[in-house]
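Fold and contact review
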Amino acid sequence: MRVTLLGTGDTTGTPTVGCDCDTCREARERGIERTRFSVHVENERTGESLLVDFSPDFRHQFLTQETPLPDEALVTHVHFDHLDGLGNVYRLLDDLDVHAADETDPVTDESVADTIRSKFDYLDRIDVHDQTPLESFRACGLDVTFVPVVHPPLLCYGVAIEDPETGAKLSISGDSTYAIPEESRAVLDSPDLLLAEAIVPASLCEYHPAGGDDFDEDGVPRTFGTKHMTREGAIALGEDLDADVTRLVHVAHYYPPEEAFEEPLAVDGEVYEL
């Protein structure tokens, strides 16, 4: 299983358009990007590729990274930075199977799968497949499971992807607080690679109107506000899940420049052979 991090940034990416903060300047000087979130998973046994989330930076990502266009895809939730790039497949692909959860969201009165169908009804070349969270299905020769996570007000899912022949496993937290349910943690457990979202360091919780949450024994918040993990929370999640390698993604430009490009924060273009 070959995993390429196409996009490791949050909703505005780094550098952020129109921003001249020290971190964005540092990213420009280093030639580093964190575009909006997306992960490419290649099953080298079958020659097929699976895409996790459709970044609005889809075109740029596939032009700059050496990855084939996907044969199938997953959508974790309906926020624009994870979904709106789906329109880019127009005239690029003859057909594409897109998998998404079938739970009805009380906020939208639609499941993620239903929202894809309604929003992209003009894309007659995609087939949307409803998947039940916590139930495994096969995509690109890999076993895939959506797991509920915590990203209010909308339903959101993490993903476990496992090669049934080699046992290689990738877990993705999805956009979530640290308070991921135990039944979801059990599915995500013991990955070779964990991609955990870590929007900001815990020190910035004092600037959020809701502060922080899910404090550790030293009082460090593992959740930023009500929707995302802190860096410290994401690292703790990796330890909880006994991940061989943890990389932090969905990173905002609010990290101080001296911390923004330090381990284990990921940048676009990283590749992992599992």
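Thresholds applied
- Residues numbered from 1 in each chain as written.
- Predicted model: local features only at pLDDT ≥ 70, side-chain atom pairs only at ≥ 80, totals over all residues.
- Heavy atoms only, no water.
- Pairing = 2+ DSSP bridges.
- Helix = DSSP H or I, 4+ residues; strand = E, 2+ residues; numbered from the N terminus.
- Axes fitted to C-alpha atoms, helices over the stretch in contact; angles between N-to-C directions.
- Contact = heavy atoms within 4.5 Å.
- Phe/Tyr/Trp six-rings, centres within 6.5 Å; stacked < 30°, edge-to-face > 60°.
- Buried < 20%, exposed > 50% of the residue type's maximum accessible area, 1.4 Å probe, protein only.
- Core = buried A, V, L, I, M, F, W, Y, C linked by side-chain atoms within 4.5 Å.
- Patch = residues over 30% accessible without salt bridge, like charges linked within 9 Å, V, L, I, M, F, W, Y side chains within 5 Å.
- Areas by Shrake-Rupley, 256 points an atom, 1.4 Å probe, with all protein chains shown as cover.
- Salt bridge = Lys/Arg side-chain N within 4 Å of Asp/Glu carboxyl O.
- Lys, Arg positive; Asp, Glu negative; His and termini not counted.
- Charge placed at Lys NZ, Arg CZ, Asp CG, Glu CD.
- UniProt positions renumbered as here; feature names shortened; annotations may be inferred.

Attention now goes to the sheet that holds strand β2 (residues 38–43). Strand order in this open sheet of 7 strands is β6-β5-β4-β3-β2-β1-β16, and the pairing throughout is mixed. The sheet is open, and its two borders are formed by β6 (126–131) and β16 (271–273), each paired with just one other strand. Strand-to-strand twist of the sheet, defined as the mean angle between neighbouring strand axes without regard to direction, takes the value 20 degrees. Where helix α4 (residues 112–119) meets the sheet, its contacts fall on β4 (72–75), β5 (96–101) and β6, and the angle it forms with β6 comes to roughly 160 degrees.

What follows is about the packing of aromatic side chains. Scanning the entire structure with this criterion turns up 5 aromatic pairs. Ring geometry for F54 and F58: centres 6.4 Å apart, planes at 20 degrees, overall stacked. Under the relative-accessibility criterion, F54 is labelled buried at 0%. Ring plane angle 65 degrees and centroid distance 6.2 Å describe the contact between F146 and Y157, whose orientation is recorded as edge-to-face.

Ranked by size, the top nonpolar core spans 50 residues in total, and within it F54, L86, I116, I126, I161 and L170 carry the most contacts. Core analysis: the next-biggest nonpolar cluster, separate from the first, contains 24 residues, A27, C156, A160 and L248 among them.

This brings us to a negative patch on the surface. A contiguous patch of negative charge, built from D71, D94, D95 and D127, is present on the exposed surface. As for its position among the elements, D95 is in the loop between α3 (80–83) and β5.

The next subject is the UniProt feature "domain: Metallo-beta-lactamase" (unreviewed entry) in the protein. Feature annotation in UniProt places "domain: Metallo-beta-lactamase" (unreviewed entry) on residues 35–203, given in this structure's numbering. Across residues 35–203 one finds 15% helix and 31% strand; the C-alpha atoms that close the span lie 24 Å apart.

Ordered by their spatial adjacency, 3 strands build an open sheet running β12-β13-β14, and the pairing between neighbours is antiparallel. The open sheet has two edge strands, β12 (212–215) and β14 (228–229), and neither has a second partner. Sheet analysis places β12 next to strand β13 (residues 221–224), joined by 3 bridges and oriented antiparallel. Among the inter-strand pairings, D213 is bridged to a residue of β13, identified as T223.

Evaluation of the coordinates by the stated rule reveals 17 salt bridges. Across the salt bridge formed by D20 and R25, the nearest N and O atoms sit 3.4 Å from each other. When the shortest N-O distance is used, the salt bridge between E165 and R45 registers 3.4 Å. Placement of the pair is E165 in the loop between β9 (157–162) and β10 (169–172) and R45 in the loop between β2 and β3 (48–52), with a sequence separation of 120 residues.

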